[in-house]
Amino acid sequence: MQQHTLLYRDDFASMGKHLASLLDLRHALIDHHTFPDGESYIRLSNIPPGNIWILDSLYPPNDRIIELILSAHKLRAEGVSSIRLVSPYLPYMRQDTAFHEGEVVNARAIGKLISAHVDEVITVDPHLHRIHDLNEVFYCETTVLHANDQIAAWIGLNLESPVIVGPDSESQQWVSLLAEQLEAPYVVFKKERKGDRRVSIEYAGINQISTGTPVILDDIISTGVTMANAGKLVFEHTGKHPVGVAVHGIFSGNATEILHKAGFSKIITTNSLPRKGNQIDLVPLLADTLAEKING
Ligand code: R5P
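These notes cover the structure that comes with them. (Residues numbered from 1 in each chain as written. Predicted model: local features only at pLDDT ≥ 70, side-chain atom pairs only at ≥ 80, totals over all residues. Heavy atoms only, no water.)

Turning our eyes to something else, we now look at the nonpolar core. The biggest cluster of nonpolar side chains holds 41 residues, and the ones touching the most others in it are Leu19, Leu55, Ile151 and Ile164. Here this core gets six residues from one element, more than from any other, and that element is helix H9 (residues 283–295). When residues no more than four places from it in sequence are discounted, the contact partners of Leu55 are Leu6, Leu7, Tyr8, Arg9, Phe12, Met15, Gly16, Leu19, Val86, Pro88 and Leu286. Counting 29 residues, the second-largest nonpolar core is a separate cluster that includes Leu75, Val118, Val121 and Leu128. (Core = buried A, V, L, I, M, F, W, Y, C linked by side-chain atoms within 4.5 Å. Buried < 20%, exposed > 50% of the residue type's maximum accessible area, 1.4 Å probe, protein only. Helix = DSSP H or I, 4+ residues; strand = E, 2+ residues; numbered from the N terminus. Contact = heavy atoms within 4.5 Å.)

Structure (structure tokens):
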């Protein structure tokens, strides 16, 4: 039987060790250094033959995608049988069309680039909106997992009478699914993005939201502006402190501060990106998926 080895960087060590112990996998750290000029150094020693699983959410994206390419180059040179990327968060998926003349469609360019280096990408709730299927932009195998069972379980255990609120039309897909699972009402707002940190949101559904605990659900918190503006509107209209839930918590810049000021009672995220305070663990979901793939 072929060996399977899980590799991860230091920021994924806790998740990697947990995953490896559940699956009884050989595992190792990817040794990394940044040279003074910003270039990356990767060292992978004693690579065993067989199948390699790389656990990494490619964040920050530019550096980590290059480091994935460097790692894959070394692994191929060592003659491993396969390289599979387990990337709980997948970057570069939001620029999924050319909104203005001359713009690059990042999802297509990066999907093609990553596909040239790995045999499969396994991810959780990628930002699929105008592109409906990862296979439209990746040429390797892809597996898309969803965190809605884990999110529904957390809400079911911790909140009374949730009302699920989507901050924009893109969130409709997650919001409607979660509401159905929880047998809860839902409302979706309208958002217009005017810049990286400028979004305006149109409120809707005061009657539904007033009946329970407002839970604002989005796939990604990046600058936090979408979540914060939706939260402020809910508080202004209902006097209730909403709970913010996102699959992927990037929290760039002063996101934590603006969310704190927006009146949320809690902000809940999965551990797709390593951060102290993530409450929803994706390891069981990843372990079940990898076990199925490894054991056929
Ligand atoms: C985009 O439509 C996504 O679903 C999120 O709403 C967005 O990425 C959130 O970004 P930010 O936190 O910067 O407002």
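And the narrative resumes.
Turning our attention to the packing of aromatic side chains. The geometry of two aromatic rings is summed up by the distance between their centres and the angle between their planes. By the definition in use, this model includes three aromatic pairs. Plain terms: the ring middles of Tyr59 and Tyr89 are 6.4 Å apart, the flat faces sit at 70° to each other, and that makes the pair edge-to-face. Linking Tyr59 in the loop between strand E5 (51–55) and helix H2 (61–77) with Tyr89 in the loop between strand E6 (82–87) and helix H3 (106–115), this pair joins segments that are 30 residues apart in sequence. Taking relative accessible area as the criterion, Tyr59 reaches 31% and is therefore assigned partly exposed. Judged by centre distance (5.1 Å) and plane angle (45°), the ring pair of Phe189 and Tyr203 falls under tilted. Taken as a pair, Phe189 in the loop between strand E10 (186–188) and strand E11 (190–195) and Tyr203 in the loop between strand E12 (198–202) and helix H6 (206–209) lie far apart in primary sequence, 14 residues in all. Owing to a relative accessible area of 2%, Phe189 belongs among the buried residues under this scheme. Arg84 extends its terminal NZ or CZ atom over the ring of Trp53, reaching a point 5.9 Å from the ring centre. Positioned above the aromatic ring of Phe251, the side-chain terminus of Arg275 is 3.8 Å from the ring centre. (Phe/Tyr/Trp six-rings, centres within 6.5 Å; stacked < 30°, edge-to-face > 60°. Lys NZ or Arg CZ within 6 Å of the ring centre and 35° of its normal.)

This part is about the packing of helix H4 (residues 148–158) against helix H5 (residues 172–182). Relative to each other, H4 and H5 sit at 50°, their axes nearing to 10 Å. Classified by the interaxial angle, the pair formed by H4 and H5 is oblique. In this structure, H4 crosses over H5, and the sense of that crossing is right-handed. Side by side, H4 and H5 meet where Asn148, Asp149, Ile151, Ala152, Ile155 and Gly156 of the first sit next to Leu177, Leu178, Gln181 and Leu182 of the second. Here the residues of the contact of H4 with H5 sort into six nonpolar, three polar and one charged. (Axes fitted to C-alpha atoms, helices over the stretch in contact; angles between N-to-C directions. Parallel < 35°, antiparallel > 145°, perpendicular 65-115°, else oblique. Left-handed = near helix turned anticlockwise from the far one by under 90°. Nonpolar A, V, L, I, M, F, W, Y, C, P; charged D, E, K, R; others polar.)

With that settled, the discussion passes to the packing of helix H1 (residues 13–23) against H9. Two elements in contact, H1 and H9, have axes whose closest approach is 10 Å; the angle formed by their N-to-C orientations is 45°. As the angle between them shows, H1 and H9 are arranged oblique. Like other packed secondary-structure pairs, H1 and H9 cross with a definite hand, here right-handed. On the side of H1, the interface is formed by Met15, His18, Leu19, Leu22 and Leu23, while H9 contributes Val283, Leu286, Ala287, Leu290 and Ala291.

We now examine the pairing of E5. For E5, a buried count of five out of five residues is recorded, marking the element as mostly surrounded by other parts of the structure. With burial as the criterion, each face of E5 is covered, one bearing Asn51, Trp53 and Leu55 and the other bearing Ile52 and Ile54. In this structure, strand E1 (residues 4–8) lies alongside E5, joined through five bridges in parallel fashion. Bridging from a neighbouring strand, Leu7 pairs with Ile54 of E5. Bridging between E5 and E6 involves five bridges; their strand directions are parallel. From the neighbouring strand, Asn51 faces E6, where its bridge partner is Ser82. Regarding the hand of the β-α-β motif, the stretch spanning E5, H2 and E6 is right-handed. (Pairing = 2+ DSSP bridges. Right-handed = clockwise from strand over helix to strand, strands pointing away.)

Take the site of the ligand next. Taken together, 15 residues lie around the ligand, and Arg94, Asp218, Asp219, Thr223 and Thr226 are the ones closest in. In this structure, Arg94 approaches the ligand through a side-chain N or O atom, which is 2.7 Å from an oxygen atom. Measuring from an oxygen atom of the ligand, one finds a side-chain N or O atom of Asp218 at 2.6 Å. About the coverage of the ligand: the protein hides 96% of its 370 Å² of free accessible area. Counting residues per element, the ones that place at least two in the shell around the ligand are E11, strand E13 (213–221) and helix H7 (225–238). Top contributing element to the shell around the ligand by residue count: E13, with four residues. (Near = heavy atom within 4 Å. Polar contact = N/O pair within 3.5 Å; in protein donor to acceptor, adjacent residues only side chain to side chain. Areas by Shrake-Rupley, 256 points an atom, 1.4 Å probe, with all protein chains shown as cover.)

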